[in-house]
Amino acid sequence: MTTVYYDSPMSDDERRARIYAGDLFVYSPRESVREYVRFTRDLIQSAFGTLDPEHAQDDMSVSDFATLLGDLKPRFIHHPDSKRHLQKIIAEFGCDLQSTYFDVPRLRSSTSNNYLTTGIAYAWHPHRDTWYSAPQCQINWWTPVYDLDARNAMAFHPGYWNHAVANDSDGYNYYEWNKRYRGPSVSKLISEDSRPLPRATETVQLEPQLRLICPVGGMIVFSGAQLHSSVPNDSGKTRYSIDFRLVHVDDVAGKRGAPRCDEQCTGTTMRDYLRGTDLARIPAELVALYDDASAAGGGLLYQPA
Ligand SMILES: [Fe+2]
């Protein structure tokens with residue numbers, strides 16, 4: 001059974017415990033999120049100039065669109081204001097900044113009608129982030145930049161919570177990914193995408209699925225082990241969303257989190273997270289709890305150009 005908590009007053013400790021049991025949280029708009037959305041919209045709009053970002057795909061070639069996103073997304077991710085906004089959001093949602101670490105936020109886009117579904121605007125097949133070297137204690141926070149539509153949202157497949165899905169995550173190593181597949185070349189992948197993205201190797205029953213629709217300024221919170229996918233977008237509009245991931249240092253140290261059921265990837269994203277107060281990395285002795293032999297090969301941390 002999966003429970004969706006709406007505007008729950010739960011503490012962060014209680015919330016994480018529920019998320020590690022497979023539950024989902026949805027929140028109404030909050031001022032810190034609204035502020036970040038305004039900042040994000042300004043950045044997006046300045047990239048598109050006079051075009052409406054949700055409809056720009058109708059007026060641009062796919063390669064121009066991919067090039068624009070390939071420039072916009074890293075600027076958003078690494079913008080110093082992005083980190084300040086995240087600190088405010090994390091605090092407003094009751095997380096202890098001293099104990100909570102965040103990964104840099106991502107700006108995602110889902111184009112309509114199969115305009116661009118590879119590379120920089122990848123249309124996500126059903127996956128768990130824990131197939132991609134995220135720890136079991138990773139919690140994903142997701143918020144739309146423009147009004148969501150059930151036709152351009154994200155889908156959850158909670159029937160697969162703690163239920164093994166045959167998958168090829170054994171071919172994924174996070175450090176190889178950092179060395180070979182991240183960076184500006186992603187925006188060149190406009191017709192096919194040969195990157196080794198772990199996926200189910202059995203047929204996933206996409207129904208029943210759950211689409212949570214929150215207003216702009218709202219938030220959807222879920223475990224990185226939750227099976228989720230991009231909805232095939234036929235809304236006529238490009239969807240833009242922000243997501244970031246949190247880990248709590250006590251859960252890192254105690255190896256608490258969602259149950260493992262089918263993860264076979266190697267490496268860990270544990271070095272990516274930044275402390276809410278001062279952006280310090282997770283202490284090396286805690287990261288070491290998650291290391292495997294592949295850590296000897298370099299690529300532990302992605303260094304953007
Ligand atoms: Fe994901």
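Structure report, in brief. (Residues numbered from 1 in each chain as written. Predicted model: local features only at pLDDT ≥ 70, side-chain atom pairs only at ≥ 80, totals over all residues. Heavy atoms only, no water.)

Okay, the layout of surface pockets next. For the second largest pocket, the calculated volume is near 260 Å³. As for the second largest pocket, its lining consists of 17 residues, and the residues nearest its centre are A134, P135, Q136, R260 and Y290. Grouping the amino acids of the lining of the second largest pocket by side-chain chemistry returns 6 nonpolar, 7 polar and 4 charged. (1 Å grid on protein atoms, 1.4 Å probe; cavity = no way out; pocket = protein on both sides within 12 Å on 5 of 7 lines; lining within 4 Å. Points joined across faces, edges and corners; volume = space filled by probe spheres on them. Nonpolar A, V, L, I, M, F, W, Y, C, P; charged D, E, K, R; others polar.)

What follows concerns the pattern of salt bridges. Enumeration according to the criterion identifies 21 salt bridges in this entry. Between D243 and R245 there is a salt bridge; the shortest N-O distance is 3.9 Å. Overall, the relative accessible area of 9% leaves D243 in the buried class. Judged by its relative accessible area of 13%, R245 falls in the buried class. Sharing partners across several salt bridges, the network here consists of D12, D13, R15, R16, D251 and R256. (Salt bridge = Lys/Arg side-chain N within 4 Å of Asp/Glu carboxyl O. Buried < 20%, exposed > 50% of the residue type's maximum accessible area, 1.4 Å probe, protein only.)

The subject of this paragraph is empty space enclosed by the protein. As enumerated under the stated definition, the model contains 1 cavity of 30 Å³ or more in all. Every residue lining the largest cavity is listed: D12, R16, Y20, C95, T100, C137, I139, W141, L246, V247 and H248. For the lining of the largest cavity, the secondary structure elements donating two or more residues are α1 (12-20), β5 (139-144) and β10 (239-248). (Helix = DSSP H or I, 4+ residues; strand = E, 2+ residues; numbered from the N terminus.)

Here the focus is unusual backbone geometry. Each neighbour pair has its own omega, and for E207 with P208 the value is -5°, a cis peptide bond. One can find P208 in the loop between α5 (174-180) and β7 (210-211). Non-glycine residue D7 carries a positive phi angle of around 50°. You can see D7 is positioned in the loop between β1 (4-6) and α1. Under the relative-accessibility criterion, D7 is labelled partly exposed at 32%. The backbone of N162 sits at a positive phi, close to 55°, despite the residue not being glycine. Along the chain, the position of N162 falls in the loop between β6 (154-156) and α5.

Right, let's get into the coordination of the iron ion. Coordination of the iron ion by the protein is provided by H127 (NE2), D129 (OD) and H228 (NE2), with metal-donor distances spanning 2.2 to 2.3 Å. Positions of the donor residues of the iron ion, expressed as sequence spacing, correspond to H-x1-D-x98-H. Of this pair, D129 sits in the loop between β4 (106-110) and β5 while H228 sits in strand β9 (residues 228-230), and the two are 99 residues apart along the sequence. Of the two residues, D129 and H228, both sit in the buried class. (Donors = N, O, S within 2.8 Å, 3.2 Å for Na, K, Ca; no water.)

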